[in-house]
Amino acid sequence: MDAFERHLRAERGRSPHTVRAYLGDLRDFFAHLDGAEVRAGGRHDPHLTVPAGPADAADAADAADAADAPVRTDPAVPAASTDPAPETPLADVRLSDLREWLGVLAAGGAARSTIARRSASLRTFFGWAAREGHVDADPSLRLVAPKRPRTLPPVLAKDDAVGLLDVAAVAADDDDPIHLRNRAILELLYATGVRVGELTGLDVDDVDFEVDVVRVIGKGDKERRVPFGRPAGDAVRVWLERGRPRLAVAGSGAGLFLGRRGRRIDPRQVRTLVHDMLTHVPDAPDLGPHGLRHSAATHLLEGGADLRMVQELLGHASLSTTQIYTHVSIERLTASYAQAHPRA
């Protein structure tokens, strides 16, 4: 498990959330397998089921862009075990064991996305174990998991997005450094569509005002440059000139956005900020920073932006991930048509 953790961090470049979730999945699987073997009197009984336990809070941490969404729990998912190394030898694990564990989760009411993520953990681990010679054959090769449902992400209407930024601008009129920072954060989130983890990882030198782009380090330590507009540039410049110096302390480092105590701001603070500010926009949905990312992408496509350009801006590895925003745009177009056309 230690070697696999090093593989995920160093070779695959996975985020701490992903590493924690994968290891939790594996501990759950082996704890279930060891317990089932004891109850079945030796080899695992493929027909044996076990009741589902408490939720694993890390399960939702690696959703498609999950690092950005509030972690939610699934009552059907057993808690991650902190027991020592599994008793079952890796060589004894069979495809039926993997299928049976996923079946237990499904029978307990686990979401399709949960089962898909946990099967991905199994495939990643056993694929690595086979390459490293820990097992003779990969038992997960024929493991088929349900596809994640392509749910349409909630987004702000353009007027609501403007309203949110207007609220932030009015609050910043008092020149309070926190309000200046909040305005800059919201403007930059909506202007660039960056993930909340990418935003909080920005350094002062990552913002280039000469060409109005920000250098972002995304998933897998991949670097990309994302443009921003004049309102975001003005808000960030004011924050740097009149806000950040009043919060900075000796240990602030190069972080672009700081908390009240002068340390680099963390994603939880940004999530709280977005949720709180949206309460001041009448009838706007309750979204987090990822909702602003969805909104930015949707509004770009509605404005005629090329899909591949949006893919590059968002840092998606696959165009299919970006294509979900075209479905959002079509859904909104259909709703507007149904409301406005007399023969809809």
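Refer to the preceding data block for the structure.
Residues numbered from 1 in each chain as written. Predicted model: local features only at pLDDT ≥ 70, side-chain atom pairs only at ≥ 80, totals over all residues. Heavy atoms only, no water.

Along the backbone of the protein chain there are 13 helices and 3 strands. Buried positions account for 45% of the 344 residues belonging to the protein chain. Contacts spanning at least 24 positions in sequence make up 63% of the contacts within the protein chain whose residues lie at least 6 apart. Carbon and sulfur atoms provide 52% of the accessible area of the protein chain, an area that totals close to 17,600 Å². (Helix = DSSP H or I, 4+ residues; strand = E, 2+ residues; numbered from the N terminus. Buried < 20%, exposed > 50% of the residue type's maximum accessible area, 1.4 Å probe, protein only. Contact = heavy atoms within 4.5 Å. Areas by Shrake-Rupley, 256 points an atom, 1.4 Å probe, with all protein chains shown as cover.)

With burial as the criterion, only one face of strand β3 (residues 223–227) is covered, namely that bearing Arg-224 and Val-226; the residues Glu-223, Arg-225 and Pro-227 on the opposite face remain uncovered. Bridge count between strand β2 (residues 213–217) and β3: 5 bridges; the pairing is antiparallel. Along β3, the bridge assignment pairs Val-216 with Arg-224. What sits between the antiparallel neighbours β2 and β3 is a turn of 5 residues, in which Gly-220 has the positive phi angle 70°. (Pairing = 2+ DSSP bridges.)

One side chain can pair with another of opposite charge once the charged atoms of both are near each other. Summed over the entire model, instances satisfying the criterion amount to 14 salt bridges. Two residues, Arg-215 and Glu-223, come together in a salt bridge whose shortest N-O distance is 3.2 Å. A single salt-bridge network, built from bridges that share partners, covers Asp-25, Asp-28, Arg-117 and Arg-118. (Salt bridge = Lys/Arg side-chain N within 4 Å of Asp/Glu carboxyl O.)

Two elements in contact, helix α6 (residues 177–192) and helix α10 (residues 289–302), have axes whose closest approach is 7 Å; the angle formed by their N-to-C orientations is 45°. On the basis of their axis angle, the class for α6 and α10 is oblique. Residues Leu-186, Leu-189 and Tyr-190 of α6 pack against Pro-289, Leu-292, Ser-295, Ala-296 and His-299 of α10. (Axes fitted to C-alpha atoms, helices over the stretch in contact; angles between N-to-C directions. Parallel < 35°, antiparallel > 145°, perpendicular 65-115°, else oblique.)

Next up on the list: the sheet that holds strand β1 (residues 207–208). Across the sheet, which stays open at both edges, the 3 strands sit in the order β1-β2-β3 with antiparallel pairing between neighbours. Looking at which strands have only one partner, the edges of the open sheet turn out to be β1 and β3. Of the pairings in the sheet, the one linking β1 to β2 comprises 2 bridges and is antiparallel in character. When the bridges of β2 are listed, Asp-208 appears paired with Val-213.

Across residues other than glycine, the phi torsion is negative in most instances, and most of the peptide bonds are trans. Phi angles above zero are rare outside glycine, and Asp-212 is one such case at about 55°. Within the secondary structure, Asp-212 is located in the loop between β1 and β2. Of the residues examined, Asp-212 reaches a relative accessible area of 29% and is grouped as partly exposed. With a phi close to 65°, Asp-283 is a non-glycine residue in the positive phi region.

Now for the packing of α6 against helix α8 (residues 230–247). Axis separation between α6 and α8 bottoms out at 8 Å; the angle between their running directions is 150°. By the angle between their axes, α6 is roughly antiparallel relative to α8. Regarding α6 and α8, the two cross each other, and that crossing is left-handed. For the pair formed by α6 and α8, the contact residues are Pro-177, Ile-178, Leu-180, Arg-181, Arg-183, Ala-184, Glu-187, Leu-188 and Ala-191 on the first element and Pro-231, Ala-232, Ala-235, Val-236, Val-238, Trp-239, Arg-242, Gly-243, Arg-246 and Leu-247 on the second. (Left-handed = near helix turned anticlockwise from the far one by under 90°.)

Now for helix α4 (residues 112–131). The end-to-end C-alpha distance of α4 is 28 Å, a good match for the 28 Å that 20 residues give at a rise of 1.5 Å each. Of all 20 residues in α4, 15 are buried, a share of seventy percent or more. Of the residues one or two after α4, Gly-133 is the one with positive phi, at around 85°. (Expected span 1.5 Å × (residues − 1).)

Turning next to the nonpolar core. By size, the foremost hydrophobic cluster in this structure holds 42 residues, and its most contacted members are Leu-186, Leu-188, Leu-199, Leu-256 and Phe-257. Element by element, the count of residues in this core is highest for α6, at 7 residues. The contact partners of Leu-188, leaving out residues within four places of it in the chain, are Gly-193, Leu-199, Leu-202, Phe-228, Ala-232, Val-236, Leu-256 and Phe-257. Leu-23, Val-93, Ile-115 and Val-135 belong to the second-largest nonpolar core, a separate cluster that totals 25 residues. (Core = buried A, V, L, I, M, F, W, Y, C linked by side-chain atoms within 4.5 Å.)

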